[in-house]
Amino acid sequence: MKFKAIFAATVVAASALTAAQAVQAKGEAVGVSWSNFQEERWKTDEAAIKAALDKAGLTYISADAAGSAEKQAADIESLITKGAKALLILALDQDAILPSVQKARARGIPVIAYDRLIQDKDVYYVTFNNVEVGRMQAREIYEVQPKGNYVFIKGAGTDPNADFLRGGQQEVLDAAMKKGDIKNVGEQYTDGWAPENAQKNMEQILTKTGGKVDAVVASNDGTAGGVVAALKAHNMVGIPVSGQDGDHAALNRIARGEQTVSVWKDSRALGRVAAELAAGLVSKQPVKTEIFKDGSKHIPQNSILLAPVPITKANLQTVIDAKWIAKDEVCAGVDAAKAPAACK
């Protein structure tokens, strides 16, 4: 309940579009550039963004880079040409798209880095506290496996979030690693955050270590899915594995005992807050933000950071009560004798 309260308070404090803002912004377009729309969670984000923009009287236009940094740069310029008065960008490679972002800013178009940091002093940043996500992942894995050989399956090397997460994980595990209780036996970035790449990385590590792996700190649910697939091939399902996003497949894996934790970031709230921020910027109204300067370049940026919630077997009911996922989907295929409380 503590995490629920923090989460709710953060969302309420983040941004609330007034009627006056909505009137001033009405009729304008907000462009959204997706890095790769095929991932499950972005569809939920999009629905929330669309709903909030519609409520504000704004038009949603979008483009999907389909995993290409070059296409995303072109997409951003295309959205500008189509009349976007604000841009939400889920960056694939922040450096590759920076020139396009700066073109938008030169035209007076506000830019919001959505969930992934774009390091530019004039770019707003809306995300969850990703360092804390990493801490939560590591805490839950450490609680069930305080000693042994750990593997770290990170996100994409082009995404600053990958290092924010890894930094939070290290904060929690550092003392045990220095003591020798935990040994890092494998660590890999995952190109594009793709599950198939995570699976290949995990397969290579399992081969290298002769299967001597006791826990896997995977940085999101997609990579966790790839890890679990590799573990299944080696009859190792059940060792602790972390993730994040609250993907439906991951929540089912938790209920089935195949994944330990998914740090839930309610993307319905993230999409709504980002859209409300965009509407406020389009209507040139004051918006409430905090300063973020923890990127690799330490550039101060206006930001909104929401609070995540770790979901384990013990509190699966939280996501069911929030109507994030139906009980039947969470509990599909669960062994009745080993079912968590939420599935009974």
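Fair warning: this is a prediction, and the values are worked out from it, not measured in the lab.

**Here's the deal with the pattern of salt bridges**
- Considering all chains together, one arrives at 21 salt bridges under this definition.
- The closest approach of N and O atoms between D122 and K121, which form a salt bridge, is 3.2 Å.
- Among the ionic pairs, E187 bridges to R166, the shortest N-O distance being 3.1 Å. In this pair, E187 is assigned in strand β7 (residues 182–188) and R166 in helix α7 (residues 160–179), connecting sequence segments 21 residues apart.
- Judged by its relative accessible area of 9%, R166 is buried.
- Here the salt bridges do not stand alone but share partners, grouping R41, D45, D115, D245 and K265 into one network.

**Some details on the side chain of N130**
- Residue position: N130 is located in helix α6 (residues 130–144).
- Taking relative accessible area as the criterion, N130 reaches 4% and is therefore assigned buried.
- In this view, N130 contacts D115, Y125, N161, F164, L165, Q244 and K265; residues no more than four positions away in its chain are not counted.

**A short note on the nonpolar core**
- In this structure, V30, W34, I49, I112 and V126 are the most contacted members of the largest nonpolar core, which totals 31 residues.
- Listed by contribution, the elements that provide at least two residues to this core are β1 (29–34), α3 (40–55), β3 (84–89), β4 (111–114), β5 (123–128), α11 (267–282) and β12 (301–306).
- When residues no more than four places from it in sequence are discounted, the contact partners of I112 are L87, L88, I89, V123, Y124, V126, A274, L277, A278 and L281.

**A word on the sheet that holds strand β13 (residues 309–311)**
- Strand order in the open sheet formed by 3 strands is β9-β10-β13, and the pairing between neighbours is mixed. Sheet topology places β9 (242–244) and β13 at the edges, where each strand pairs with a single neighbour. Averaged over all pairs of adjacent strands, the angle between their axes in this sheet comes to 25°, without regard to strand direction.
- Strand direction decides the pairing type here: strand β10 (residues 261–264) and β13, joined by 3 bridges, are antiparallel. Within β13, the residue paired with S262 across the bridge is I311.
- α6 contacts β9, β10 and β13 of the sheet and is inclined by roughly 150° relative to β9.

**Comments concerning the state of the cysteines**
- On inspection of all chains with the given rule, the structure shows 1 disulfide.
- C331 shares a disulfide with C343; S-S distance 2.0 Å. Disulfide C331-C343: torsion about the S-S bond near -90°, hence left-handed. One end of the pair, C331, is in the segment after α13 (327–330); the other, C343, is in the segment after α13, and 12 residues separate them in sequence. Of the two residues examined, C331 and C343, each falls in the buried class.

**Let's talk about the pairing of strand β6 (residues 148–153)**
- Within β6, 6 of the 6 residues are buried, leaving the element largely enclosed by the surrounding structure.
- Each parallel crossover has a hand, and the one from β6 via α7 to β7 is right-handed.

**Points about the confidence of the model for the protein**
- The pLDDT averaged across the protein works out to 92; a share of 92% of its residues lies at or above 70.
- Note that residues 1–23 has pLDDT below 50 and, in this model, 40 contacts with residues that lie over four places away or in other chains.

Rules used throughout
- Residues numbered from 1 in each chain as written.
- Predicted model: local features only at pLDDT ≥ 70, side-chain atom pairs only at ≥ 80, totals over all residues.
- Heavy atoms only, no water.
- Salt bridge = Lys/Arg side-chain N within 4 Å of Asp/Glu carboxyl O.
- Helix = DSSP H or I, 4+ residues; strand = E, 2+ residues; numbered from the N terminus.
- Buried < 20%, exposed > 50% of the residue type's maximum accessible area, 1.4 Å probe, protein only.
- Contact = heavy atoms within 4.5 Å.
- Core = buried A, V, L, I, M, F, W, Y, C linked by side-chain atoms within 4.5 Å.
- Pairing = 2+ DSSP bridges.
- Axes fitted to C-alpha atoms, helices over the stretch in contact; angles between N-to-C directions.
- Disulfide = S-S within 2.5 Å.
- Right-handed = clockwise from strand over helix to strand, strands pointing away.
- pLDDT = per-residue confidence, 0-100.

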